[in-house]
Number of protein chains: 4
Amino acid sequence: MSAHIRGGLSGLDYFKKMIAGQAEPPPMLALLGIRLVEAEEGRVVFAATIEDKHYNGLGVAHGGFAATMLDSSLGCCINTLMPPGRRFTTLELKVNLTRPLTKDVGLVRCEAKVIHVGGRVATSEGTIVDSKGKLYAHGTTTMIVVEERRGRLEP
Amino acid sequence: MSAHIRGGLSGLDYFKKMIAGQAEPPPMLALLGIRLVEAEEGRVVFAATIEDKHYNGLGVAHGGFAATMLDSSLGCCINTLMPPGRRFTTLELKVNLTRPLTKDVGLVRCEAKVIHVGGRVATSEGTIVDSKGKLYAHGTTTMIVVEERRGRLEP
Amino acid sequence: MSAHIRGGLSGLDYFKKMIAGQAEPPPMLALLGIRLVEAEEGRVVFAATIEDKHYNGLGVAHGGFAATMLDSSLGCCINTLMPPGRRFTTLELKVNLTRPLTKDVGLVRCEAKVIHVGGRVATSEGTIVDSKGKLYAHGTTTMIVVEERRGRLEP
Amino acid sequence: MSAHIRGGLSGLDYFKKMIAGQAEPPPMLALLGIRLVEAEEGRVVFAATIEDKHYNGLGVAHGGFAATMLDSSLGCCINTLMPPGRRFTTLELKVNLTRPLTKDVGLVRCEAKVIHVGGRVATSEGTIVDSKGKLYAHGTTTMIVVEERRGRLEP
């Protein structure tokens, strides 16, 4: 998602390429089996199937799984609105876990939408639901802009 | 960490077994290379080395990596105080990212300490620092008790 | 909102009485000029006009003003769903301030809606907007149930 | 606390003047009876006595009271480190309520300390305790810098 990796693309164009299989998914998401499936202006959806590897030893997915899925979604929905050379990065992330995520739940979708985009700061909200729309987790984020200057991104 | 998996042990005894290599680490932590290294009453430390697999495509570790490390630490420090058959599980997690975590940072430690333990709810706080004590992330959690009744844990 | 003060009413019936002027508003809300104006199942709206007394010395309303308005709204929208003798109380509150609230903004509305209601824990989300729908703050809460037993509310 | 109101003073010098009674407290804090009592580099303490006016109708202080006390403390401890013409303002505030605040509790102190101060963003943590050190609430904040340019503060 860096200017380098986005290759001069806007956030939305880059995400569309990723959905089309023409851009590599980030390593952490590949590791966890979380994939981008929808992207439009101000909104994205990631999907994943709960597996043993996500478990925390209590027979449910680790809270970090939901946090990872939400962090990706919350950030990308804001970056769908960003032109080439401009992106937002996470300052803070807040996650609520409302039901245990288990293998029985199977496929889950994490949808996130922009709440506020200002000149320096943006916020967004997202949910993790199963195929019937049942809620398992929700969260919000606060992000700050990073702009490309002199050929590289500067915080 | 369930009563079943803890095998009738208190939280602290179970964590000591895990540090000694006599109990399996949770799958999600094994996947991410995050390991428990210290546990005492009300305090734990997890450690990990930042690798390519943690990256988010921006040349830094995914926010979900810090969130996973913090969620484990914040929960386990509370569970060090729990007797057999009683444990706390995450209601919500709040993470601040203060500096980018990169492979150059290398080994990081996530230390968490209990803030409050009540009859039903507990809170804790934690930090992620490098070998020089430089801060990369911090967070807090709110957890709720789950007690064993009739042979199984009931939420 | 206690069983005593609600006088055996459900949350929603009690809030309707307050809107009708037949129940006293809480002292803190009276002090800040924040009033309940709408209540239905799972949703409430509070309103207030920004005044000098809300200021923090920087020529804008104190962050505590938005936090107070959101805490009331986030809690009451959950309690609209509660029968007599049962209510939820705040475990934690998360507030984002997206624009400065000044006297020029004038009248603001804080609308909150339930996200999740479980047996022990509930969550909700809310926003503070002006008369044109412009967003000034938003937040979420995690609440825990308190039930009446033996004639009084027990945590 | 604006450059104007701080009158060209650093944050710490301004807070010391306020403690000495030589600068007016912000209206919102005067309204709620919350007063600054200690300030040093990276740390402040506010104090208040719980009164009827803080109540929420449930026989306890409104969550907004703790939020207001924490927001002031969390912000001011960061601003103790700021030179004239530079200050930080709240992006987001997270508050945990761990015990009910009632008139029986009497005098409470809210102490806050800096966690991280960067070029654009800062974070801090604080607690509300009674005269015996018992914990009633705790919280964290994320703040962003506002700098004075051309004679006025610009966000």
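Coordinates for the structure precede this section.
Here's a quick rundown of the structure. (Residues numbered from 1 in each chain as written. Chains lettered and ligands numbered in written order. Predicted model: local features only at pLDDT ≥ 70, side-chain atom pairs only at ≥ 80, totals over all residues. Heavy atoms only, no water.)

On the side of chain A, 33 residues touch chain B, which itself brings 33 residues to the contact. Across the chain B/chain A interface, buried area totals approximately 2,700 Å², and carbon plus sulfur atoms make up 64% of it. Summed over the three residues of chain B that lose the most area to chain A, namely Met28, Leu58 and His62 of chain B, the buried surface amounts to 22% of that side. Linking chain B to chain A there are two salt bridges. Notably, a salt bridge pairs Lys94 of chain A with Glu92 of chain B, separated by 3.3 Å at the nearest N-O pair. Between chain B and chain A we count 14 residue pairs in polar contact (both at pLDDT 80 or more) in total. In terms of residue count, strand S3 (residues 86-97) of chain B provides more of the side of chain B that touches chain A than any other element does, nine residues in total. Grouping the constituent residues of the side of chain B that touches chain A by class yields 16 nonpolar, 11 polar and six charged. As paired strands, strand S3 (residues 86-97) of chain A and S3 of chain B are joined by five bridges and run antiparallel to one another. (Contact = heavy atoms within 4.5 Å. Buried area = accessible area lost by both parts, 1.4 Å probe. Salt bridge = Lys/Arg side-chain N within 4 Å of Asp/Glu carboxyl O. Polar contact = N/O pair within 3.5 Å; in protein donor to acceptor, adjacent residues only side chain to side chain. Helix = DSSP H or I, 4+ residues; strand = E, 2+ residues; numbered from the N terminus. Nonpolar A, V, L, I, M, F, W, Y, C, P; charged D, E, K, R; others polar. Pairing = 2+ DSSP bridges.)

With that settled, the discussion passes to the pattern of salt bridges. Residue and element names in this part refer to chain A. All told, the structure shown has 32 salt bridges over all chains when counted by the stated rule. With a closest N to O distance of 3.1 Å, Glu38 and Arg109 form a salt bridge. Linking Glu38 in strand S1 (residues 35-40) with Arg109 in strand S4 (residues 107-117), this pair joins segments that are 71 residues apart in sequence. A residue is classified by how much of its surface remains accessible, and Glu38, at 27% relative accessible area, is partly exposed. Residue classification places Arg109 among the partly exposed residues on the basis of a relative accessible area of 30%. Shared partners join several salt bridges into a network, and the residues in it are Glu38, Glu40, Arg43, Arg109, Glu111 and Lys113. (Buried < 20%, exposed > 50% of the residue type's maximum accessible area, 1.4 Å probe, protein only.)

The next subject is the relation of the copies chain D and chain C. The operation linking the two copies of the chain is a rotation about an axis combined with a translation along the axis. Once chain D is rotated about the relating axis by 180° and shifted along it by 0.0 Å, it coincides with chain C to within an RMSD of 0.0 Å. These values place the two chain copies in the arrangement generated by a two-fold rotation axis. For chain D, the smallest separation between a C-alpha atom and the rotation axis is recorded for Lys94 of chain D, amounting to 2.2 Å. Counting the interface residues of chain D, we find that 100% of their copies in chain C are interface residues as well, pointing to one common contact surface. (Least-squares fit on C-alpha atoms with pLDDT ≥ 70 in both.)

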